[in-house]
Amino acid sequence: MRSLLFLLFASTTIFAAPVLILFQDSAILMESLSVSGTETISVPQGWDVMDVIGAKSWYVVSEKEPSWEEIIKGKTVKAVDEPPSQFEVISTSPLVLKKDTKYYIYNSALKKWLVLEYEEPQIGRKLVMNGQGKVTLLLRSSGSWNVRYYLFEDTLTGNAFLSVSGVESADVFLISRPAGETSIWKGMYLSVSASREMPEEHESEEVKVYHLGKLKDLDKSPVVNLIETNLPITNEYYSYSFAVNDSSFDYQKTTFTRSFKTPVDLPGGTVSIFSNISGVDIMIGETSIPDTPKNSLLELPVTKSWDVRVRGEILDERDYKDTYEYERTWRVTVQNLNETESKVRINVYGNTMRLLRFSIKPLKETSDQIVFELIVPANLEKEFEFTVRSGW
């Protein structure tokens with residue numbers, strides 16, 4: 001992280017609990033400590049000290065490794081004449097070999113190899129701080145998180161999968177990007193209140209921050225429920241898109257789509273889509289979504305389908321060279337092979353478009369997009385025509 005400016009917390013901030021900030025590729029732990037003179041604490045395994053804000057000075061020292069004499073003292077060992085034929089050299093003074101989980105230590109007095117089962121401990125580290133009063137300890141380690149949503153007929157459920165080690169409990173915040181992409185942080189603050197519907201979200205320089213609140217058992221990689229809510233309105237339809245300057249085309253597949261307005265801010269993640277078939281919720285598709293603000297229209301493409309197909313035919317076209325425009329008249333045919341009626345949306349894209357004539361009123365009309373919506377009865381087809389003038 002090139003220039004991580006933790007202006008979000010003053011060095012005098014006192015945390016009621018450690019604060020865990022989870023990026024998508026790393027983790028930062030922040031803890032408020034009281035220091036009086038020189039204090040020494042253990043650094044958690046797998047974590048590195050970034051800084052101690054408010055300390056006059058600090059440094060990290062590694063604990064002394066035990067000698068092989070200390071390791072073997074008091075242990076029951078087996079003496080053998082020969083070491084294994086293949087081994088890993090652990091030390092040359094004294095000579096120590098390793099094979100699988102066994103260590104072979106050569107004793108020159110006995111002229112024997114002393115064999116013992118031994119698991120090498122991780123060498124701990126100590127943080128030595130000098131200061132007076134409250135300091136803020138910043139630790140950094142590997143970590144990650146991701147979100148998976150489950151969309152049923154009228155229900156949206158979302159879970160966050162957290163991955164971090166060496167932390168049992170903390171006040172957790174999720175950051176919506178890898179730490180390496182964040183050059184400067186300004187003004188992000190921690191709220192003491194948590195949303196009942198969804199983790200509270202704050203924004204700083206286009207970085208989304210989601211507050212999960214105080215969590216336990218973080219070292220067990222917990223799965224945390226983010227959202228479980230009923231969706232008052234969900235919409236299902238088939239869609240097909242083409243450019244107004246395309247050539248005529250024969251029947252093409254449509255995309256079966258489900259859409260709804262987001263009830264809360266949603267972190268980006270994977271969405272599994274279910275449909276109730278004969279009373280059973282069957283997963284019918286999967287897609288991904290970016291960070292999505294509250295009250296946004298979220299359109300989720302589920303699958304391509306030949307059940308509803310679209311054909312486009314150019315009936316007339318004219319060029320207007322003096323204004324650098326052209327005019328085209330299209331006939332669009334929608335064929336529904338389903339046993340039930342289907343809602344279909346046709347999206348037409350172009351540049352500075354003006355809709356001159358149409359046989360059905362568009363659902364949406366802008367200079368770069370025109371959307372037509374129609375209901376096609378089961379096992380029938382419908383067609384409509386429209387004329388558009390647009391820029392080259």
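Everything numeric in this text was worked out from a predicted model, so none of it was measured.

## Let's talk about the sheet that holds strand β9 (residues 112-117)
Next, step 1: In spatial order, the strands read β5-β9-β8-β7-β6; together these five strands make up an open sheet with antiparallel pairing. Strands at the two margins of the open sheet, each flanked by one partner only, are β5 (78-80) and β6 (88-92). Each neighbouring strand pair of the sheet contributes to a mean axis angle of 25 degrees, computed without reference to strand direction.
Next, step 2: The pairing of strand β8 (residues 102-107) with β9 spans six bridges and is classified as antiparallel. Its bridge partner lying in β9, Lys-102 is registered against Glu-117.

## What to know about the pattern of salt bridges
Next, step 1: Following the criterion strictly, the structure yields 15 salt bridges and no others.
Next, step 2: Taking the shortest distance from any N to any O, the salt bridge between Asp-217 and Lys-220 comes out at 3.9 Å.
Next, step 3: The shortest N-O distance in the salt bridge between Glu-299 and Arg-345 comes to 3.8 Å. Of this pair, Glu-299 sits in strand β21 (residues 297-320) while Arg-345 sits in strand β23 (residues 342-349); the two residues are 46 residues apart in sequence, bridging distant segments of the chain.
Next, step 4: A relative accessible area of 13% means that Arg-345 is categorised as buried.
Next, step 5: When salt bridges with common partners are traced through the structure, they connect Glu-313, Arg-331, Glu-383 and Glu-385 into a single cluster.

## Side note on the environment of Glu-65
Next, step 1: Looking at where Glu-65 falls in the secondary structure, it is placed in the loop between β4 (57-62) and α1 (68-72).
Next, step 2: Accessibility expressed as a relative area gives 56% for Glu-65, which makes it exposed.
Next, step 3: Taking the C-alpha atoms as reference points, Glu-65 and Glu-120, separated by 55 residues in sequence, lie 10.0 Å from one another.

## Some words on unusual backbone geometry
Next, step 1: With an omega dihedral of 0 degrees, the bond running from Ser-93 to Pro-94 counts as a cis peptide bond.
Next, step 2: Inspection of the secondary structure assignment puts Pro-94 in the loop between β6 and β7 (95-99).

## Observations regarding the packing of aromatic side chains
Next, step 1: This model, assessed by the stated rule, comprises twelve aromatic pairs.
Next, step 2: Taking 5.4 Å as the distance between ring centres and 40 degrees as the angle between the ring planes, the aromatic pair formed by Tyr-240 and Phe-249 counts as tilted.
Next, step 3: Tyr-240 gets classed as buried once you look at its relative accessible area, which sits at 16%.
Next, step 4: Judged by relative accessible area, Phe-249 falls into the buried class, the value being 13%.
Next, step 5: For Arg-389, the ring lying beneath its charged end belongs to Tyr-320, and the centroid distance is 4.0 Å.

## Some words on the nonpolar core
Looking at soluble globular proteins, one finds that nonpolar side chains tend to be buried together.
Next, step 1: Judged by nonpolar contacts, the single largest core of 70 residues is most densely connected at Leu-20, Leu-162, Ile-346 and Phe-386.
Next, step 2: Top contributing element to this core by residue count: β21, with six residues.
Next, step 3: Excluding its chain neighbours within four sequence positions, the residues that come into contact with Ile-346 are Tyr-240, Phe-242, Val-310, Val-332, Val-334, Ile-370, Val-371, Phe-372, Leu-374 and Phe-384.
Next, step 4: Grouped together as the second largest cluster of nonpolar side chains are eleven residues, Ile-21, Leu-138, Ile-175 and Val-209 included.

## Quick look at the confidence of the model for the chain
Next, step 1: On average, the chain scores 85 in pLDDT, and the residues at 70 or more come to 89%.
Next, step 2: With pLDDT under 50 throughout, residues 182-198 is counted as low confidence; its partners more than four residues away or in other chains account for 41 contacts.

## Things to note about the sheet that holds strand β19 (residues 269-277)
Next, step 1: Read across the sheet, five strands follow the order β16-β12-β11-β19-β20 without closing on themselves; strand pairing throughout is mixed. Whereas interior strands pair on both sides, the edge strands pair on one side only; in this sheet they are β16 (223-230) and β20 (280-289). Across the sheet, the mean angle separating the axes of adjacent strands is 20 degrees when strand polarity is ignored.
Next, step 2: Judged from the nine bridges that link them, β19 and β20 form a sheet pairing that is antiparallel.

The rules behind these values
Residues numbered from 1 in each chain as written. Predicted model: local features only at pLDDT ≥ 70, side-chain atom pairs only at ≥ 80, totals over all residues. Heavy atoms only, no water. Pairing = 2+ DSSP bridges. Helix = DSSP H or I, 4+ residues; strand = E, 2+ residues; numbered from the N terminus. Axes fitted to C-alpha atoms, helices over the stretch in contact; angles between N-to-C directions. Salt bridge = Lys/Arg side-chain N within 4 Å of Asp/Glu carboxyl O. Buried < 20%, exposed > 50% of the residue type's maximum accessible area, 1.4 Å probe, protein only. Phe/Tyr/Trp six-rings, centres within 6.5 Å; stacked < 30°, edge-to-face > 60°. Lys NZ or Arg CZ within 6 Å of the ring centre and 35° of its normal. Core = buried A, V, L, I, M, F, W, Y, C linked by side-chain atoms within 4.5 Å. Contact = heavy atoms within 4.5 Å. pLDDT = per-residue confidence, 0-100.

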